[in-house]
Each structure stands twice: as C-alpha cells, then as structure tokens.
Amino acid sequence: MRKISLSVIMIALLIVTLFSSFILTGNPVPSEAVAFNTGDTAWLIVATALVLIMTPGLGFFYGGMVGKKNVISTMLQSFMAMIIVTVLWVVVGFSLSFGTTIGGFIGDPTTYSFFQGVGTHTAWSLAPTIPFMLFALFQAKFAVITPALITGAFAERVRFWAYMLFMVLFILFIYAPLCHMTWHPDGLFFKMGVLDFAGGTVVHMSAGWAALAGAIFLGKRKVQKVNPARITYVLLGTGLLWFGWFGFNAGSSLGANELAVQALGTTSVAAAAAGMAWVFMDKILGHKLSAMGACIGTVVGLVAITPAAGFVSIPHAIFIGLFSSIVSNFMVSKFPKGKIDDALDVFACHGVGGMVGMLLTGVFASKDVNAAVVDQGLIFGESTLFIHQLTALVLVSIFAFVGSYALFFIVNKITPLRVTEDKEELGLDISQHGEYL
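One structure accompanies this document, and this report is about it.

1. Let's talk about the overall build of the protein
Looking only at helices and strands, the protein features 16 helices and two strands. Relative to a compact globule of 437 residues, whose C-alpha radius of gyration would be 22 Å, the protein shows 21 Å and is just as compact. Principal-axis analysis of the C-alpha atoms gives the protein an extent of 60 × 60 × 35 Å. For the protein, with 437 residues in total, the buried portion stands at 56%. Sequence-distant contacts, at least 24 apart, represent 76% of the contacts inside the protein between residues at least 6 apart. Accessible surface for the protein amounts to roughly 17600 Å². Of this, 71% is attributable to carbon and sulfur atoms. Across the protein, the 22 positively charged side chains and the 20 negatively charged ones have centroids separated by 14 Å.

2. Brief notes about a nonpolar patch on the surface
A surface patch of nonpolar side chains, amounting to about 660 Å² of accessible area, comprises Ile 11, Ile 15, Leu 18, Phe 19, Phe 22 and Ile 23. Those elements that place two or more of their residues in the nonpolar patch are α1 (2–18) and α2 (20–23). For the nonpolar patch, the leading source of residues is α1, giving three residues. Relative to the elements of secondary structure, Leu 18 occurs in helix α1.

3. Digging into the packing of helix α6 (residues 160–183) against helix α14 (residues 384–414)
Between α6 and α14, the least distance of the axes is 10 Å, while the angle of their chain directions is 150°. Viewed along their axes, α6 and α14 adopt a mutual orientation that is roughly antiparallel. For the element pair α6 and α14, the recorded crossing hand is right-handed. For the pair α6 and α14, the contacting residues are Ala 162, Leu 165, Phe 166, Leu 169, Phe 170, Phe 173, Ile 174, Pro 177 and Leu 178 in the first and Val 396, Phe 399, Ala 400, Gly 403, Ser 404, Leu 407, Phe 408, Val 411 and Ile 414 in the second. Among the residues forming the contact of α6 with α14, the class breakdown is 16 nonpolar, two polar and no charged.

4. Brief notes about the nonpolar core
Core analysis: the biggest nonpolar cluster contains 133 residues, and Phe 61, Phe 94, Phe 135, Phe 170, Tyr 175 and Phe 248 have the highest contact counts within it. Sort the elements by how many residues they give to this core and α6 lands first, with 17 residues. With sequence-adjacent residues up to four places away left out, Phe 248 is seen in contact with Val 51, Met 54, Phe 138, Phe 142, Ile 145, Ala 198, Val 203, His 204 and Thr 306.

5. Comments concerning the pattern of salt bridges
Inspection of the entire model under this criterion finds six salt bridges. A salt bridge links Asp 341 to Arg 221; the shortest N-O distance between them is 2.7 Å. On the criterion of sequence distance, the pair formed by Asp 341 in the loop between α12 (314–334) and α13 (346–364) and Arg 221 in the loop between α8 (200–218) and α9 (231–250) is long-range, its members being 120 residues apart. In this pair, the class of Asp 341 matches that of Arg 221, namely buried.

6. A word on α6
One full turn of an α-helix is made of 3.6 residues, so residues set three or four places apart face in the same direction. At Phe 170, α6 shows its largest kink, close to 40°. Buried residues dominate α6, accounting for 20 of its 24 residues.

7. What about the environment of Tyr 233?
As for its position among the elements, Tyr 233 is in helix α9. Residue classification places Tyr 233 among the partly exposed residues on the basis of a relative accessible area of 23%. Taking C-alpha positions, Tyr 233 is 9.8 Å from Leu 58, a pair spaced 175 residues apart along the chain. In contact with Tyr 233, not counting residues within four places along its chain, are Phe 60, Phe 61, Gly 64, Val 71 and Met 75.

8. Regarding the side chain of Thr 151
Mapped onto the secondary structure, Thr 151 falls in the loop between α5 (132–150) and α6. Taking relative accessible area as the criterion, Thr 151 reaches 0% and is therefore assigned buried. One polar contact links the side chain of Thr 151 to the main-chain carbonyl oxygen of Ala 148, over a distance of 2.7 Å. Beyond its immediate chain neighbours, meaning those up to four positions away, Thr 151 contacts Tyr 62, Gln 77 and Tyr 163.

9. Notes on the packing of aromatic side chains
With the rule as written, the count across this model stands at 31 aromatic pairs. Considering the side-chain rings of Phe 61 and Tyr 62, the 5.9 Å spacing of their centres and the 40° angle between planes classify their relative orientation as tilted. Comparing Phe 61 with Tyr 62, the two get one shared label, buried. For the ring pair Trp 124 and Phe 132, a centre distance of 6.0 Å and an interplane angle of 15° mean the geometry is stacked. With respect to class, Trp 124 is no different from Phe 132; both count as buried. The structure contains a cluster of three or more aromatic residues connected by ring pairs, namely Phe 154, Phe 160, Tyr 163, Phe 166, Phe 170, Trp 209, Phe 217, Phe 347, Phe 401, Tyr 405 and Phe 408.

Reading the values: rules and limits
Residues numbered from 1 in each chain as written. Predicted model: local features only at pLDDT ≥ 70, side-chain atom pairs only at ≥ 80, totals over all residues. Heavy atoms only, no water. Helix = DSSP H or I, 4+ residues; strand = E, 2+ residues; numbered from the N terminus. Rg over C-alpha atoms; globule rule 2.2 N^0.38 Å. Buried < 20%, exposed > 50% of the residue type's maximum accessible area, 1.4 Å probe, protein only. Contact = heavy atoms within 4.5 Å. Areas by Shrake-Rupley, 256 points an atom, 1.4 Å probe, with all protein chains shown as cover. Lys, Arg positive; Asp, Glu negative; His and termini not counted. Charge placed at Lys NZ, Arg CZ, Asp CG, Glu CD. Patch = residues over 30% accessible without salt bridge, like charges linked within 9 Å, V, L, I, M, F, W, Y side chains within 5 Å. Salt bridge = Lys/Arg side-chain N within 4 Å of Asp/Glu carboxyl O. Axes fitted to C-alpha atoms, helices over the stretch in contact; angles between N-to-C directions. Parallel < 35°, antiparallel > 145°, perpendicular 65-115°, else oblique. Left-handed = near helix turned anticlockwise from the far one by under 90°. Nonpolar A, V, L, I, M, F, W, Y, C, P; charged D, E, K, R; others polar. Core = buried A, V, L, I, M, F, W, Y, C linked by side-chain atoms within 4.5 Å. Bend = angle between axes of the 7 residues up to and from the residue. Polar contact = N/O pair within 3.5 Å; in protein donor to acceptor, adjacent residues only side chain to side chain. Phe/Tyr/Trp six-rings, centres within 6.5 Å; stacked < 30°, edge-to-face > 60°.

Bear in mind that shape data such as this cannot, by itself, settle questions of function.
As structure tokens, then:
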C-alpha cells in the first residue's frame, strides 16, 4: 500500500508540474517590474539561508544526544524535514498559511497553490520592500524546522515512515493554522493584538506541545538512560543553531533596518545569558559544569527571546534569557521522566521556553523599541497586551496538544508509530535505514 501511495504522489506531482502552464492558471504572476529595496532583498536572502542551516544544526544537536545506534536516524529526521516540508510548502502549505483567510483560522488552499501568484514582481502586504517569492521562501524555513524540533521527544523508538506521515499532517493541520492566525493580517491572534516576532507560538510552543503529546502516545523507551553518542555534535549543533537564529529573529524584521539590528542584539544577549544561567544553576544544584548544560541553556535562551526579539530592550532580553533558563532547568530536573519519556526534553526546553518568552513579551514589549507596539507590557503599567499573550498561550497550548495527540492517533491507525522491541534494541540506524556509524 505504501508503494502505491508514494507512486501516486510522485506521478501526480510530475503531471501537475509538467502541465502547470495549462492546469495552474487561476492566479497568474504579474509581469510588470516593481522596484524593491536591494538592501532588504539581499539581507532576506541571507536570512533565509541562515534559517535553513538551523535544521541540520538541530540534527547535530539532537544526534549527539542520543545513543550511538540511533545517531543517523535522528539526524535524518531533521534532514528529511528540509526535503518533505519544502515541497509541501510550495504545493499547499504557504497557501494555507498566508492565503485568503477563512474565518481568521486558516488560508484558502487554492490562493497560492504551487506558488501561483508568488513571484518576483509582487510583494506581501507586510513586506513591501522584498519580492513576494522571497518572503514565501523565508517562511518555508520556519515550517521546515518546526516538525524537526518535535523529533527529540520520541527519539530512538519511532518508525521513520510513520514520522514522515505525521510531519505532513502536522504542517497541514497544526502549523499552517497557527501561522495564519498569528502572522496573517486577518488572522485571529494578529487581530487580537498578540505579538510573536519570530515564532514563539507558531514554532516553539506548537513543537513543544506536540512533543509532549508524542512522548505520551509512544510511551517509554526500553532503556531511557543512554550515553550521548557525540557531545561534540551537540556543541557543533548549538553553534549552527545560534548562527542561524540571527536569520530567524533578525530576518523577521523583513528588512535591513534598525529593527533587524535590535533583534540581532536581543538574540545575542538572551542566548548568552541563558547559557550562563544554566551552568550557574547546575553548579548551585551540585552538578559539574557540562558542555551539554551550556548548549541546552543557550538554546533555551534563543527559544525564549524569539517571540520578543523585536519588541524588547537589551537589558530586558538579558532578563528573559536568565529567567527562561532557570525555569527550563527546573522543569528538566522535575519532569516526570519515569512516567513520560520526552527523550531530549523538548517540552521542558522548547515548549516551556516558548511559553515563558510569550508571557515576557507581554511584560516587556515597548513602543520605544518598536513603534508597531500598540499596547505596552506590564512593566510599563499596561495590562492589555499581557492578557492577550496569556489568552493566546492557553488557546495555542490546547490546540497544539490535543490536535497533535489526535494526529498521532490517526497516524498510528494508518501505520504503526513505534518500532518493535527487537528493532528498538537493534537501533534505528540499522533497523530503519540499514546504515550505522
């Protein structure tokens, strides 16, 4: 059955793309030339590449943490996200995320299917200085990394084909609606006034809650405590993530401007402060200063500053980094690992980090930093924004967790999600891919 399904998908894509000039004629790309800002365009091209390199960086980050017999499969899960989600984004994902709104919840799948009307001569309404296609490709990289983030929760026990099916359904039914509601001008959260500069809700909270749902649904590994295969991979992955995150956050200014510089600054100091706080906390709690701790703390800071990057000051970014690291460190230490096997602490780091960042955006967002801020944060004596952020946090949490759990249930009915015990014992590298280190 799988062979038939894959053959149908490839044949359909071949036919539609071969005869696209005749089949896809509903939304043609205008031919007139539009003058764009070359500086903005150049920066967004670079930022798009930076965000893309985060996904293989995540592969190294996760791959170094798992046992030696699961490194290749874990890293390949991230790499396949780049492959599958990119095609899915062009076919329908971008349209679902940024197409004409349907009730403020999701976009019309026909608006930009197969990138109809997405060319180099028009612009997105909120990014008028860069080509529309560049905006669409920049957004594609956010969609790519989100399901890859989830994989750390069910590492070392998931069947690869089942993971890929879940990834497709997650983009269609969880990621795309959240993206539309948060970043489309007619989206529900956007019109509420919710602030999410670069993906606290859309990327990190959705991935965190999906990770928790996956860890609960798949159950515990036979052996939960394993020695990390390559801590040097974790260090390399962290460096690539930090490097790419400048495109993630500073690129979300959608221009080479003062806001991009502000986001660059807040991202830098929040990551550093969080890494520092994590190793300090480890020492306070009686642990050794470890490379793993420094890396995990740094990534938590990057996660937490993401929704706030273009809205808060440098000192407040340091606070966000410190506070989020302390909270996530506490969550990791207190997480019920004996009952829920979130293998690489995705929920405690990405999910909790994203939620802390969303709430602290409602505390520290300032008009002095970004004139687009209508309601300032709690620290400036205003409560409206904080209430909006809290409301969005609750709604996104429920939607992402319940929706993801339902998708795991559906996928498991179609094809088993979990490998058999003997294949888990053998390792996913051999059992799923016939390869090994």
